[in-house]
Amino acid sequence: MEKEQTKKVIMRLTDEQKVILDSSGNVKIHAVAGSGKTSTLLEYARHRGKNKRILYIAFNKSVKLEALRRFECEGLSNIRVETAHSLAWSRIVPQFQYKVRASYKPWEISEMLKIKPLGKDPLTSVLIARHIGRFASLFCSQPQEKVQDLDYTDWVRDEKALGFVKKNYNRIIDGTRKFLALMNSGKIEIPHEFYLKKYQLCKPRLAYDIILFDEGQDASPVMLDVFLQQDHAVKLIVGDVHQQIYSWRYAVNALSGVDFKEYSLTASFRFPQTIADLAMAVLQWKTYLKNPLDVNIRGLGKKARTVSSRATIARTNLALLREAINFTCVGNSNRKIYFEGNLSTYTYASEGASIWDVFNLYTEKRDLIRDPMISKVRSFEELREYAELAEDAELLAMTIMVDEHGKMLPFYLKRLKENHLEDSCKDRAEMIFSTVHKCKGLEYDSVTLEDDFVTEKKLIRLTEKNELSAPEKDQLNEEINLLYVAISRSRGRITVPNSIFGEHSPYCQSVKSGNRRQSEENARKQEIQKEKLLNAGQYWRQQDDDRLRFLTTKGSPVKKIAEEMGRSRGAIFSRMRKLGIG
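Enquirer: Is there a simple way to think about the pattern of salt bridges in this case?
Expert: When their charged atoms lie close together, side chains carrying opposite charge are able to pair. Throughout the structure, instances matching the rule amount to 26 salt bridges. Of the charged contacts, one joins Glu66 and Arg69 as a salt bridge, the two residues approaching to 2.7 Å between their closest N and O atoms. Of this pair, Glu66 and Arg69 are both found in helix α4 (residues 61-73), three residues apart, which corresponds to roughly one turn of the helix. Look at Glu66 and you get partly exposed, because its relative accessible area is 35%.

Following this line, the structure appears as structure tokens:
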């Protein structure tokens with residue numbers, strides 16, 4: 001009976017999958033979205049026999065649990081499934097009796113290390129502490145053995161932030177060493193990244209014959225170092241270079257960095273060829289960056305006759321909250337919604353600041369501010385300046401959101417909360433809202449994209465007029481990847497804003513014509529005249545300030561300046577006040 005079941009599964013495999021099963025030695029697999037990676041790894045493991053000890057390193061806990069379920073159902077008891085962190089935890093945390101926490105806020109680091117402010121500005125001590133925290137995270141993510149082996153300035157992109165870091169580099173690197181030393185001694189709680197780093201420094205030997213490494217395009221450099229040191233084991237790494245979207249977490253594309261025998265999975269079972277063509281059209285934009293490109297995606301999925309799940313996907317929290325407010329506060333106020341990852345994660349920054357604290361600073365209700373760092377800020381403008389110098393995109397987006405909606409914001413957020421469904425009722429939502437990062441690995445019957453993604457027009461403009469640096473090219477490459485990942489969440493229906501391809505693009509017209517409800521939804525958006533803010537939430541660079549001064553001196557109206565610079569009128573007014581112009 002078992003042989004018959006195995007034969008049935010093997011017959012469903014594609015020719016590409018069968019070739020991988022028959023491979024030998026170290027292997028890397030380029031797998032497009034929806035190509036059945038887990039099924040391929042399962043069959044690869046089964047093909048090796050039950051006498052082989054196999055370790056599967058999953059990308060996160062949810063992937064781990066799903067893989068465990070699949071492997072157990074197939075009776076593959078010789079496979080151990082772990083994430084990088086669960087593997088490291090079992091070795092490091094009990095041995096050193098560490099206590100673990102999620103992360104440290106900048107103000108906590110400032111108080112812990114007794115950092116003194118620069119001059120009379122108390123916020124500078126918190127700013128230095130934020131860079132200490134980021135430098136510590138950088139070290140914990142990289143394979144280098146000593147802090148001094150890294151140059152933190154290589155990882156700071158914003159010009160103003162870079163100037164601040166260079167001026168205070170000695171204080172930042174000394175504080176980073178002290179912070180890490182406190183963790184290592186166990187005098188303070190450690191974040192998860194620390195025990196993973198310590199695991200890598202211990203140079204563990206993994207007692208397995210075969211090691212499978214998933215999502216290799218966004219590999220943790222420290223875990224990749226551990227993986228590559230296992231010379232005794234056969235190694236397989238799988239991923240999609242075009243789905244690399246976590247470089248801001250210091251993740252690296254391991255597929256390009258390993259010299260393994262190369263295979264491909266080009267058939268997607270998630271979506272039909274229309275979506276595949278759209279995805280390939282976006283990936284072709286990489287040629288503007290002079291990146292070599294050889295991509296082929298075959299869409300073998302079938303569009304469902306009925307739509308059970310609808311999702312709106314944005315690049316940023318800012319654009320997503322804007323559209324969710326439009327969806328629930330314009331017209332029918334009882335439309336049920338669901339946010340992937342929970343609504344609260346979109347109103348709190350990763351370091352703990354709440355949009356309510358930002359709002360209370362904006363309305364000068366200081367007694368209601370709970371965040372210790374924001375309570376020290378003297379003005380709303382000073383908070384925005386801090387967010388820029390700290391390269392804190394989440395906090396900066398909150399200031400823009402508050403500045404745009406003003407005193408109506410509490411009403412809007414209350415309506416979102418009232419209409420938000422619990423996890424168990426997600427399938428009842430009229431619309432699911434998510435950023436690209438939060439819906440990675442998920443799929444929906446129908447997808448609507450927001451207009452905060454990179455556009456072909458913007459790419460052409462940037463590459464024609466400027467000689468881009470390597471970091472700038474990498475950033476734009478990842479922006480293209482974000483759009484590709486968003487498109488590939490669709491099982492067959494998708495609405496793409498005209499701004500992404502251009503109003504007369506065949507891709508926009510073809511994907512919009514297939515669904516009446518989506519066309520109506522798009523028309524509704526046009527009726528409320530939603531602004532297309534391509535640069536919303538982006539840092540103000542020196543050239544942006546210079547451009548704003550020029551346009552103001554020229555006498556251009558604020559509305560026209562906002563359209564040209566791709567920002568909201570509120571953001572333009574705010575920046576003008578800060579620069580003392582207009």
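Resuming the write-up.
Enquirer: Would you take a moment to explain the sheet that holds strand β14 (residues 444-449) for this structure?
Expert: Within a sheet, adjacent strands bond to each other through the backbone by hydrogen bonds, running parallel or antiparallel. Across the sheet, which stays open at both edges, the five strands sit in the order β12-β13-β11-β14-β15 with parallel pairing between neighbours. Whereas interior strands pair on both sides, the edge strands pair on one side only; in this sheet they are β12 (337-339) and β15 (490-495). Looking at each pair of strands side by side, their axes are set apart by 30 degrees on average, direction ignored. Note: β12 against strand β13 (residues 431-435), three bridges, orientation parallel. Its bridge partner being in β13, Tyr338 is matched across the sheet by Ile432. The strands touched by helix α13 (residues 317-329) are β11 (310-314), β12 and β13; relative to β13, the strand with the most contacts, the crossing angle is about 165 degrees.

Enquirer: What's the story with the sheet that holds strand β1 (residues 27-31) in this structure? I'm lost.
Expert: Pairing is parallel across the open sheet formed by six strands, whose spatial order is β3-β2-β6-β7-β1-β8. Looking at strand neighbours, the two that pair on one side only are β3 (79-83) and β8 (261-265), the edges of this open sheet. Strand-to-strand twist of the sheet, defined as the mean angle between neighbouring strand axes without regard to direction, takes the value 20 degrees. Relative to strand β6 (residues 210-213), strand β2 (residues 54-58) runs parallel, the two being bridged by four bridges. Residue pairing for β6: Leu55 is matched across the bridge by Ile211. Each of β1, β2, β3, β6, β7 (234-239) and β8 is contacted by helix α3 (residues 37-48), which is oriented at about 165 degrees to β7, the strand it contacts most. In the packing of helix α11 (residues 221-228) onto the sheet, contacts are made with β2, β6 and β7, and the angle to β7 comes to roughly 150 degrees.

Enquirer: Even after reading the chapter, I still don't get helix α20 (residues 470-487), so can you show me in this structure?
Expert: The α-helix advances 3.6 residues per turn, and as a result positions three or four apart in sequence lie on the same side. For α20, which comprises 18 residues, the first-to-last C-alpha distance of 26 Å matches the rise-based estimate of 26 Å (1.5 Å per residue) to within 8%. Buried residues of α20: Leu476, Asn477, Glu478, Glu479, Ile480, Asn481, Leu482, Leu483, Tyr484, Val485, Ala486 and Ile487, and no others. The inward-facing, buried residues of α20 contact α12 (273-283), β11, β14, α19 (456-465), β15 and α21 (498-501).

Enquirer: Help me out: how do you make sense of the packing of helix α7 (residues 123-141) against helix α9 (residues 169-185) in this one?
Expert: Where α7 contacts α9, the two axes come as close as 8 Å, and the packing angle between them is 60 degrees. Considering the angle they form, α7 stands oblique to α9. Where α7 crosses over α9, the two elements pack in a sense that is right-handed. Two secondary-structure elements touch here, α7 through Ile128, His131, Ile132, Gly133, Phe135, Ala136, Phe139 and Cys140 and α9 through Tyr169, Arg171, Ile172, Ile173, Gly175, Thr176, Phe179 and Leu180.

Enquirer: Looking at this model, I keep getting lost on the packing of aromatic side chains. Mind explaining?
Expert: Aromatic rings considered in pairs are described by the distance between their centres and by the relative angle of their planes. For the structure shown, the criterion picks out 18 aromatic pairs. Between the aromatic rings of Tyr56 and Phe71, the centroid separation amounts to 5.8 Å while the plane-to-plane angle is 70 degrees, which identifies the pairing as edge-to-face. With Tyr56 in strand β2 and Phe71 in helix α4, the pair connects residues that are 15 residues apart, well separated along the chain. Taking the relative accessible area as the measure of exposure, Tyr56 reaches 0% and is therefore buried. An aromatic cluster of at least three residues, connected via ring pairs, comprises Phe327, Phe339, Tyr346 and Phe433. Here the guanidinium or amino end of Lys438 rests over the ring plane of Tyr346, the centre of that ring lying 4.6 Å away.

Enquirer: Would you explain the side chain of Lys235 in this entry?
Expert: Relative to the elements of secondary structure, Lys235 occurs in strand β7. Of the side chains with opposite charge, Asp231 comes closest to the buried, unpaired Lys235, at an N-O distance of 4.6 Å. If near-sequence neighbours (up to four positions away) are discounted, Lys235 is found in contact with Gly25, Asn26, Val27, Ile211, Phe227, Leu228, Gln230 and Phe260.

Enquirer: How should I be thinking about the nonpolar core in this particular structure?
Expert: The tendency in soluble globular proteins is for nonpolar side chains to be buried as a group. Ranked by internal contacts, the top residues of the largest apolar core, which has 101 residues, are Phe135, Phe179, Ile237, Phe339 and Met373. In terms of residue count, the dominant contributor to this core is α7 (eleven residues). When residues no more than four places from it in sequence are discounted, the contact partners of Phe135 are Val147, Leu150, Tyr152, Tyr169, Ile172, Ile173 and Thr176. By size, the runner-up hydrophobic cluster in this structure holds 46 residues, among which are Val32, Phe271, Val485 and Ile500.

Enquirer: Sorry if this is basic, but what is going on with the pairing of β1 here?
Expert: Each regular strand shows side chains that alternate between the opposite faces of the sheet. Summarising burial for β1: five of the five residues are buried, a large majority. Here β1 shows two buried faces, one formed by Val27, Ile29 and Ala31 and the other by Lys28 and His30. Pairing between β1 and β8: five bridges, direction parallel. Bridge pairing in β8 links His30 to Ser264. The pairing of β1 with β7 spans four bridges and is classified as parallel. Its bridge partner lying in β7, Ile29 is registered against Val238.

Analysis parameters
- Residues numbered from 1 in each chain as written.
- Predicted model: local features only at pLDDT ≥ 70, side-chain atom pairs only at ≥ 80, totals over all residues.
- Heavy atoms only, no water.
- Salt bridge = Lys/Arg side-chain N within 4 Å of Asp/Glu carboxyl O.
- Helix = DSSP H or I, 4+ residues; strand = E, 2+ residues; numbered from the N terminus.
- Buried < 20%, exposed > 50% of the residue type's maximum accessible area, 1.4 Å probe, protein only.
- Pairing = 2+ DSSP bridges.
- Axes fitted to C-alpha atoms, helices over the stretch in contact; angles between N-to-C directions.
- Contact = heavy atoms within 4.5 Å.
- Expected span 1.5 Å × (residues − 1).
- Parallel < 35°, antiparallel > 145°, perpendicular 65-115°, else oblique.
- Left-handed = near helix turned anticlockwise from the far one by under 90°.
- Phe/Tyr/Trp six-rings, centres within 6.5 Å; stacked < 30°, edge-to-face > 60°.
- Lys NZ or Arg CZ within 6 Å of the ring centre and 35° of its normal.
- Lys, Arg positive; Asp, Glu negative; His and termini not counted.
- Core = buried A, V, L, I, M, F, W, Y, C linked by side-chain atoms within 4.5 Å.

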